[in-house]
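# Close look at the chain arrangement
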Amino acid sequence: MNLDLHKLDHLIAVAEEGSLTRAAARLHLSQQALSTSIRVLEREVGVPLLERGSTGITLLPAGQALVEDARVLHAMARSALQRARRTGRGEPEILRIGHTHAITGEEIITLLSLVTETHPGLVLEVHQRYPHELASALLAGDLDIGLCRGIAPAHGLARATLGHQRLHIAVSADHHLATRTTVALTELADETLMVWGHPGRSGYTDLLIDHCRRAGFEPRTVRTDRQGTPPVTAVIGTDRIAFVTAPPGPAAGGKAHILTLEPPTHVPLHALYLPQATSPGRDTFLSSASF
């Protein structure tokens, strides 16, 4: 049996919209045509995929499984199409790298220099993304690699650890700790820790909180309203602290200060990618970009 990618598109739209009406409008189809397409797909698969109720449509377990794999199939198809076009046009390979705000510019530059040393002809594009956007961009074929910390790979994606960086503490220049050069992790028990993700819903936030718990205290956290800003600059003008991987010393033109955290505490740098897609540039990156 051959799966029709168009019918899978229809199923994904219905699953995401939760309504045939909204999905049909999104796909520019009539509701009848969309309903027929879904029923044909169910006959081809051989099991029900959707539960149709008075309050809307929900995925059955078989439908959920097919949607998850369908997103991966679409990503592979788009990747194959883009690679064929570049090859046919004689264009250089482009490696599109996304990264969250938890990855510093210095870390990006270091990784890129390692790659260009071994693959000088590779064209590199770097895009900053929010954590929740990485998986979607990878599965949409818009990115080849997603750099992050602590994000669990979505269905169909793989995760590699490129290395570990040492954590430090960033504070505003007028913070009471700003005159210090070092601070012990246990001294932070009474401080307010600024985080970017919700505890319990962000792998990196949970990882940072776990470091505090292992030091013997439950940190007081607050999610910053400065989403999209680097941790070093987000603490400016506040009485909060933030874990950072930037080097110790003055930062942000002297408006922030970074203290050495003792004992040495490290966090991973992860790369998310679609392993089924063919990408020599990605393979070069994964094999050469490591700390």
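Keep in mind the model is a prediction, meaning the values are calculated, not measured.

## Comments concerning the pattern of salt bridges
For the structure on display, the rule yields 13 salt bridges. In this structure, the salt-bridge partner of Arg 26 is Glu 17, at a minimum N-O distance of 3.1 Å. A relative accessible area of 25% means that Glu 17 is categorised as partly exposed. Connected via shared salt-bridge partners are Glu 16, Glu 17, Arg 22, Arg 26 and Arg 71.

## Concerning the sheet that holds strand β3 (residues 94–99)
Pairing in this open sheet of 5 strands is mixed, and the strands run β4-β3-β5-β14-β6 from one edge to the other. Strands with a single pairing partner mark the edges of an open sheet, and in this sheet they are β4 (123–128) and β6 (158–166). Direction aside, the axes of adjacent strands within the sheet are offset by 25° on average. Note that strand β5 (residues 145–148) and strand β14 (residues 266–273) share 3 bridges and pair antiparallel. Looking at β14, one finds that Leu 147 is bridged to Ala 271. Sitting on the sheet, helix α6 (residues 131–139) touches β3, β5 and β14, and the angle it makes with β5 is about 165°.

## As for the nonpolar core
Ranked by size, the top nonpolar core spans 19 residues in total, and within it Leu 167, Ile 169, Leu 188, Phe 243 and Leu 261 carry the most contacts. Put simply, the parts of the chain that give this core at least two residues each are β7 (168–172), β9 (192–195), α7 (203–214) and β13 (256–262). When residues of this core are assigned to their parent elements, the largest contribution, 3 residues, is made by α7. What Ile 169 contacts, discounting residues up to four positions off in sequence, is Val 183, Leu 188, Ile 241, Ala 242, Phe 243, Val 244, His 257, Ile 258, Leu 259 and Leu 261. Core analysis: the next-biggest nonpolar cluster, separate from the first, contains 17 residues, Leu 11, Val 14, Ala 23 and Ala 24 among them.

Reading guide: rules and limits
Residues numbered from 1 in each chain as written. Predicted model: local features only at pLDDT ≥ 70, side-chain atom pairs only at ≥ 80, totals over all residues. Heavy atoms only, no water. Salt bridge = Lys/Arg side-chain N within 4 Å of Asp/Glu carboxyl O. Buried < 20%, exposed > 50% of the residue type's maximum accessible area, 1.4 Å probe, protein only. Pairing = 2+ DSSP bridges. Helix = DSSP H or I, 4+ residues; strand = E, 2+ residues; numbered from the N terminus. Axes fitted to C-alpha atoms, helices over the stretch in contact; angles between N-to-C directions. Contact = heavy atoms within 4.5 Å. Core = buried A, V, L, I, M, F, W, Y, C linked by side-chain atoms within 4.5 Å.

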